[in-house]
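# Structural description and commentary
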Amino acid sequence: MKDARLVRGAYHFVGLPLSTTPQAKWNDDLHREIDHFLQTVGPLDPGDLPPALDLEDGDSPSRWRQLIESDRQGALSIVRELIRYTTRQSNGVKPIIYTGSFWWSELRDPDPDDDNMPFGDSALWFAQYPAVHTPVPIPGSQVATDLGEASSFEEYASTPALSAGHPKRIPKVWGGPAAPNWSFWQFSSFGRMAPAITGLVDLDVFNGTLEGLTKLTIGAAPTGAT
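Residues numbered from 1 in each chain as written. Predicted model: local features only at pLDDT ≥ 70, side-chain atom pairs only at ≥ 80, totals over all residues. Heavy atoms only, no water.

Attention shifts here to the overall build of the protein. Regarding its fold elements, the protein presents seven helices and six strands. Counted from the first residue to the last, the protein has its helices and strands arranged as β-α-β-α-α-β-α-β-α-α-β-β-α. Computed over its C-alpha atoms, the radius of gyration of the protein comes to 19 Å, within 12% of the 17 Å expected for a compact globule of 226 residues. When its C-alpha atoms are laid out on the principal axes, the protein stretches across 50 × 50 × 35 Å. When each of the 226 residues of the protein is scored for burial, the buried share is 42%. Counting only contacts in the protein whose residues sit at least 6 apart along the sequence, the fraction spanning at least 24 positions is 66%. Charged side chains of the protein number 18 positive and 28 negative; the gap between the two group centres comes to 3 Å. (Helix = DSSP H or I, 4+ residues; strand = E, 2+ residues; numbered from the N terminus. Rg over C-alpha atoms; globule rule 2.2 N^0.38 Å. Buried < 20%, exposed > 50% of the residue type's maximum accessible area, 1.4 Å probe, protein only. Contact = heavy atoms within 4.5 Å. Lys, Arg positive; Asp, Glu negative; His and termini not counted. Charge placed at Lys NZ, Arg CZ, Asp CG, Glu CD.)

Below is the structure:
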């Protein structure tokens, strides 16, 4: 990717501590998880994006739901530790936070102050898939259809309400709907890039210019620096 002059990045789909681990030892599991992620990615070079944490409940929806209902602060402590430990292990580089309905629904839209979740300075990569067309059959499937999501960047760009706006339900940590502060928007999981890629892919846009994207990378000069 670097040889092709593409901005590189890597993300980790987070998992809960093992079900057999007592709560007093949760952080040990979380630290091993993040260490494995960062060791697998290897050293991050100048020009790379910060590591991204995929914070959702897909690894174990029932366990997440049970934990949030019985001990919401415990669930928030897991999310908090994942973010803070990744930052420490990345020499102060704040991770990009990928999330969606999990944050504002399952986690009940944590408040930056009241819930001690002050992560608004981490870039938000928000997943929300609005319908822009009538569901159509998925290629290669006789029964399944998409969800009406954009299947290409062209379809996204031709939908003014989407391309000129922003995803709704932005979490409070990133300004909420009134003052949204998002960096990436994953707007479809039914993208098609044939013939280069067969099957379906996620589609994302960056909320800014190439210069703005460059400023997010490791080693970029702070705003205003020369």
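Additional details are given in the paragraphs that follow.
So, on to the pairing of strand 4 (residues 124-127). Both faces of strand 4 are covered, namely the face carrying Leu-124 and Phe-126 and the face carrying Trp-125 and Ala-127. Viewed along the sheet, the connection from strand 3 (residues 96-99) through helix 4 (residues 101-106) into strand 4 turns out right-handed. Pairing of strand 4 with strand 5 (residues 184-193), which is carried by three bridges, proceeds in the parallel orientation. When the sheet's bridge partners are listed, Ala-127 is paired in strand 5 with Gln-186. (Right-handed = clockwise from strand over helix to strand, strands pointing away. Pairing = 2+ DSSP bridges.)

Next up on the list: the environment of Arg-169. As for its placement among the helices and strands, Arg-169 is situated in the loop between helix 6 (160-163) and strand 5. Once the C-alpha coordinates of Arg-169 and Gln-128 are considered, the two residues, 41 residues apart in sequence, prove to be 8.9 Å apart. If we ignore the near neighbours within four places in the chain, the residues touching Arg-169 are Trp-104, Phe-126, Gln-128 and Pro-177.

Another point: the packing of aromatic side chains. Describing an aromatic ring pair means giving the distance of the ring centres and the angle of the ring planes. All chains considered together, the criterion is met by eleven aromatic pairs. Ring geometry for Tyr-156 and Trp-185: centres 6.0 Å apart, planes at 80°, overall edge-to-face. Pair noted here: Tyr-156 is in helix 5 (residues 153-157) and Trp-185 is in strand 5, with a separation of 29 residues, a long-range link. This pair shows no difference in class: Tyr-156 is buried, exactly as Trp-185 is. Here the aromatic cluster, defined as three or more aromatic residues joined through ring pairs, consists of Tyr-11, Tyr-98, Trp-125, Phe-184 and Phe-206. (Phe/Tyr/Trp six-rings, centres within 6.5 Å; stacked < 30°, edge-to-face > 60°.)

Looking now at the pattern of salt bridges. Taken as a whole, this structure holds eight salt bridges when the rule is applied. Residues Arg-72 and Asp-115 are paired through a salt bridge, measuring 3.1 Å at the closest nitrogen-oxygen approach. Of the two residues, Arg-72 sits in helix 3 (residues 72-89) while Asp-115 sits in the loop between helix 4 and strand 4, which places them 43 residues apart along the sequence. With a relative accessible area of 10%, Asp-115 lands in the buried category. The closest approach of N and O atoms between Glu-81 and Arg-88, which form a salt bridge, is 3.3 Å. Judged by its relative accessible area of 14%, Glu-81 falls in the buried class. When its relative accessible area of 48% is taken as the criterion, Arg-88 is described as partly exposed. Shared partners join several salt bridges into a network, and the residues in it are Lys-2, Arg-8, Asp-45 and Asp-48. (Salt bridge = Lys/Arg side-chain N within 4 Å of Asp/Glu carboxyl O.)

This next bit is on the packing of helix 1 (residues 26-41) against helix 3. The interhelical angle for the contact between helix 1 and helix 3, taken along N-to-C directions, is 40°, at an axis separation of 10 Å. Overall, the two elements helix 1 and helix 3 adopt an arrangement that is oblique. For the pair helix 1 and helix 3, the crossing hand works out as right-handed. Two secondary-structure elements touch here, helix 1 through Trp-26, Asn-27, Leu-30, His-31, Glu-33, Ile-34, Asp-35 and Leu-38 and helix 3 through Gly-74, Ile-78, Glu-81, Leu-82, Tyr-85, Thr-86, Arg-88 and Gln-89. Looking at the contact of helix 1 with helix 3 residue by residue, the class counts come to seven nonpolar, five polar and four charged. (Axes fitted to C-alpha atoms, helices over the stretch in contact; angles between N-to-C directions. Parallel < 35°, antiparallel > 145°, perpendicular 65-115°, else oblique. Left-handed = near helix turned anticlockwise from the far one by under 90°. Nonpolar A, V, L, I, M, F, W, Y, C, P; charged D, E, K, R; others polar.)

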